[in-house]
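# Residue-level structure breakdown
Spelled out, the chains give:
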Amino acid sequence: MVLDVTDPGAFAAAADAARDVTLLINNAGIARLGSLTDDGALDALRDHFETNVFGMLAMSRAFAGSLAVNGGGAILNVLSVASWVNRPILSAYGVSKSAAWALTNGLRQSLREQRTQVVGLHAGFIDTDLVRGLEVPKATPADVVRQAYEAIEAGAEEVSTDELTRQVKAGLSVGIYLNGTAPR
Ligand SMILES: NC(=O)c1ccc[n+]([C@@H]2O[C@H](COP(=O)([O-])OP(=O)(O)OC[C@H]3O[C@@H](n4cnc5c(N)ncnc54)[C@H](OP(=O)(O)O)[C@@H]3O)[C@@H](O)[C@H]2O)c1
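So, a few notes on the structure that sits alongside this text. From a predicted model like this one, the values you see are computed outputs, not experimental measurements. (Residues numbered from 1 in each chain as written. Predicted model: local features only at pLDDT ≥ 70, side-chain atom pairs only at ≥ 80, totals over all residues. Heavy atoms only, no water.)

## Notes on the nonpolar core
With 21 residues, the main nonpolar core has M59, F63 and L111 as its most contacted residues. Residue assignment for this core shows that the elements contributing at least two residues are α1 (8–17), α2 (41–69) and α3 (91–110). Of all the elements, α2 adds the most residues to this core, at eight residues. Discounting chain neighbours no more than four positions away, the residues touching L111 are A64, I75, T116 and V118. (Core = buried A, V, L, I, M, F, W, Y, C linked by side-chain atoms within 4.5 Å. Buried < 20%, exposed > 50% of the residue type's maximum accessible area, 1.4 Å probe, protein only. Helix = DSSP H or I, 4+ residues; strand = E, 2+ residues; numbered from the N terminus. Contact = heavy atoms within 4.5 Å.)

Printed below as a string of structure tokens:
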């Protein structure tokens, strides 16, 4: 099906057509280069939120009823190391992924009673069109997908799919930033 997660008619039609769903993967996302002080930063942030946050919530709400009827099932939200580290090159994207992380944690609580597992998947760079122009080490999509399914099968609430992302997550609790420094 063609589906725009920002189009209420489209996600309602998808949910209606797929009432047998047991797994929803919120993978749709946009990432535009830019800092929060650029011209047009407010519009850029709104665009990122429309897809990366409101789209994720809308899809989750649209499919929650069928997931409940089908035994609970699972929702996996594709997040990012940018949920935890915000860089000027991808700042609006990072803000939206931080919000999507909070959204994921909120959905987990809201859907606990209907026994829907809600998983947040955090990744560094993955070799897709999104980062085609960036010369950085990248994971393969297949490796990320494998870890996504393993996390769901293991009943996990969160998975970080590469070493850098795991280090950043671990650093949150001790306040170590990505460049190795600690806050004063
Ligand atoms: N690549 C990375 O390094 C990386 C790292 C961490 C997290 N992620 C996350 O991984 C997810 C997938 O991204 P990707 O790397 O596969 O990027 P991608 O190659 O650019 O693919 C993004 C996908 O999202 C779809 N999409 C965008 N807006 C949409 C909308 N409004 N409704 C429905 N679909 C929409 C696109 O569909 P169309 O092609 O039809 O526009 C495309 O299929 C995203 O959430 C991204 O933030 C990526």
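## Quick notes on the site of the ligand
Near the ligand there are 22 residues, and of these N27, Y93, G124, I126 and T128 occur at the shortest range. K97 places a side-chain nitrogen or oxygen 3.0 Å from an oxygen atom of the ligand. Its free accessible area being 890 Å², the ligand has 68% of it covered by the protein chains. (Near = heavy atom within 4 Å. Polar contact = N/O pair within 3.5 Å; in protein donor to acceptor, adjacent residues only side chain to side chain. Areas by Shrake-Rupley, 256 points an atom, 1.4 Å probe, with all protein chains shown as cover.)

## Overview of the sheet that holds strand β3 (residues 117–122)
Strand pairing within a sheet occurs via backbone hydrogen bonds; the two strands may be parallel or antiparallel. Read across the open sheet, the four strands follow the order β1-β2-β3-β4; overall the sheet is parallel. Of all strands in the sheet, those bounded by a partner on one side alone are β1 (23–26) and β4 (158–160). Averaged over neighbouring strand pairs, the angle between their axes works out to 15° when direction is ignored. Note that strand β2 (residues 74–78) and β3 share five bridges and pair parallel. Paired with A74 across the strands is Q117, a residue of β3. Strands β1 and β2 of the sheet are contacted by α2, whose axis makes an angle of about 180° with β1. (Pairing = 2+ DSSP bridges. Axes fitted to C-alpha atoms, helices over the stretch in contact; angles between N-to-C directions.)

## Examining the environment of A156
If you trace the backbone, A156 turns up in the loop between α4 (141–153) and β4. Considering only alpha carbons, one finds A156 and Q117, 39 residues apart in sequence, at a separation of 8.1 Å.

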